[in-house]
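# Fold and geometry: a report
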Amino acid sequence: TGKELPYDRSTVRADIQSIPLQDAAVDATIVLHVLEHVPNITRATREIGRTLAPGGVVLHETPCAGRPTSAVASVDCTSPGARESDPVCKQRDHLWSHSCWYLKAQLEAAGLVCRRPQFTPQEAARFIGAGEPAWHHPGRFLCHKRPPSRFEADAQRHKRPTFAARMRSAQA
């Protein structure tokens, strides 16, 4: 209700947990401040990976908590006391406060290779904000979906498992 934004044919408005596109349908995806609002981050990141073409790029940014890897991966912002105790949860429309390492792990589990972009001090001040509290630095990742190896591509073309997949199933 309100003004609708103009969209062209290359824009898809959909639930990120169930994107109505074929596998490998897009070359680039921009996900800005979305995953903290999504009930199921695993479904969302799998859909991002599924719809991205090999060699495609994802620009991702989500506020995240700089918790150590030994700490909790995500805080449910709707749980009692979370809005008061977790800085990311203080924004009322956030459902989750994910740790930065957990966000990266979820994206990589979806078949992406991710890295944090490196910023000069001037770029950091411009994009992140000078004096911004450390907990609120966005989980900014630049990810790509690696193209399948020659052997993986051959196996997909002939609908047969790769040697590595056959070995994994033999061990199971």
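See the structure printed just above.
Just so it is clear, the model here is predicted, and its values are computed rather than measured. Starting from 1, residues in each chain are numbered consecutively following that chain's sequence as written. With pLDDT at 70 or above as the cut-off, local features in this predicted model cover only qualifying residues; side-chain atom pairs require 80 or more to be listed or tallied, and sums for whole chains, interfaces and linings still use all residues. Hydrogens and water are ignored here; the side-chain numbers use all heavy atoms of the structure.

## Considering the overall build of the protein
- To qualify as a helix, a DSSP run of H or I must reach at least 4 residues; to qualify as a strand, a run of E must reach at least 2; elements of each kind are numbered from the N terminus. Secondary structure assignment for the protein yields six helices and six strands.
- Going from the N terminus to the C terminus, the protein shows its helices and strands as β-α-β-β-α-β-α-β-α-β-α-α.
- Residue-level accessible areas treat just the shown protein chains as cover; the underlying method is Shrake-Rupley with a 1.4 Å probe. If you sum the accessible surface of the protein, you get close to 11000 Å²; carbon and sulfur atoms cover 56% of it.

## Looking at the pattern of salt bridges
- Between Lys or Arg on one side and Asp or Glu on the other, a salt bridge is scored when a side-chain nitrogen of the former is within 4 Å of a carboxyl oxygen of the latter. Applying the stated criterion to the full structure yields three salt bridges.
- Note that Asp23 and Arg50 form a salt bridge whose closest N and O atoms lie 2.8 Å from each other. Taken together, the residues span a long stretch of sequence, with Asp23 in the segment before strand S1 (26–32) and Arg50 in helix H1 (residues 41–51) at a distance of 27 residues.
- Residue burial is assigned from relative accessible area. The probe radius is 1.4 Å, only protein chains are included, and a residue is buried under 20% of its type maximum, exposed over 50%, and partly exposed in between. Overall, Asp23 belongs to the exposed group, its relative accessible area being 53%.
- Exposure remark for Arg50: the relative accessible area of 25% places this residue in the partly exposed category.
- Between Glu47 and Arg50 there is a salt bridge; the shortest N-O distance is 2.9 Å. Taken together, the positions of Glu47 and Arg50, both in helix H1 and three residues apart, correspond to about one turn of that helix.
- Put simply, Asp23, Glu47 and Arg50 are held in one network by salt bridges that share partners.

## As for unusual backbone geometry
- Although it is not a glycine, Ala24 adopts a positive phi angle of roughly 55 degrees.
- Its location among the elements puts Ala24 in the segment before S1.
- The backbone of His33 sits at a positive phi, close to 50 degrees, despite the residue not being glycine.
- Tracing the sequence through the fold places His33 in the loop between S1 and H1.

## Remarks on H1
- If you check which residues of H1 are buried, you get Ile41, Ala44, Thr45, Glu47, Ile48, Gly49 and Thr51.
- Here a residue-residue contact requires only that any non-hydrogen atoms of the pair lie within 4.5 Å. Each element contacted by the buried residues of H1 is listed here: S1, strand S2 (52–63), strand S4 (96–98) and helix H3 (100–109).
- Two N or O atoms count as a polar contact when they lie within 3.5 Å, although within protein this holds only if one can serve as hydrogen donor and the other as acceptor, and sequence-adjacent residues are included solely when both atoms are side-chain atoms. Between a side-chain oxygen at the N-terminus of H1 and the backbone nitrogen of Thr42 the separation is 3.1 Å; the capping residue is Asn40.

## Section: the nonpolar core
- Residues Ile16, Leu35, Val58, Leu112 and Cys143 are the most contacted members of the largest nonpolar core, which totals 21 residues.
- Sorting the residues of this core by element identifies S1, H1, S2, H3 and strand S6 (138–144) as the ones contributing at least two each.
- Tallying contributions element by element places H3 first for this core, with four residues.
- Sequence-distant contacts of Leu35, that is, excluding residues within four places in its chain, are made with Ile41, Ala44, Thr45, His60, Thr62, His98 and Leu103. Put simply, buried Ala, Val, Leu, Ile, Met, Phe, Trp, Tyr and Cys residues joined by side-chain atoms within 4.5 Å make one nonpolar core.

## Looking at the state of the cysteines
- By disulfide we mean two sulfur atoms from cysteines, separated by a distance within 2.5 Å. Inspection of the entire model under this criterion finds three disulfides.
- Two residues, Cys64 and Cys100, share a disulfide whose sulfurs are 1.9 Å apart. The sign of the 80 degrees torsion about the S-S bond sets the Cys64-Cys100 disulfide as right-handed. In this pair, Cys64 sits in the loop between S2 and strand S3 (74–76) while Cys100 sits in helix H3, placing the two residues 36 residues apart along the sequence. Each member of the pair, Cys64 as well as Cys100, carries the same accessibility label: buried.
- Sulfur-sulfur distance for the disulfide between Cys114 and Cys143 comes to 2.2 Å. Across the disulfide from Cys114 to Cys143, rotation about the S-S bond amounts to roughly 105 degrees, and the bridge is consequently right-handed. Taken as a pair, Cys114 in strand S5 (residues 113–115) and Cys143 in strand S6 lie far apart in primary sequence, 29 residues in all.
- Look at Cys143 and you get buried, because its relative accessible area is 1%.

Structural measurements only, silent on function.
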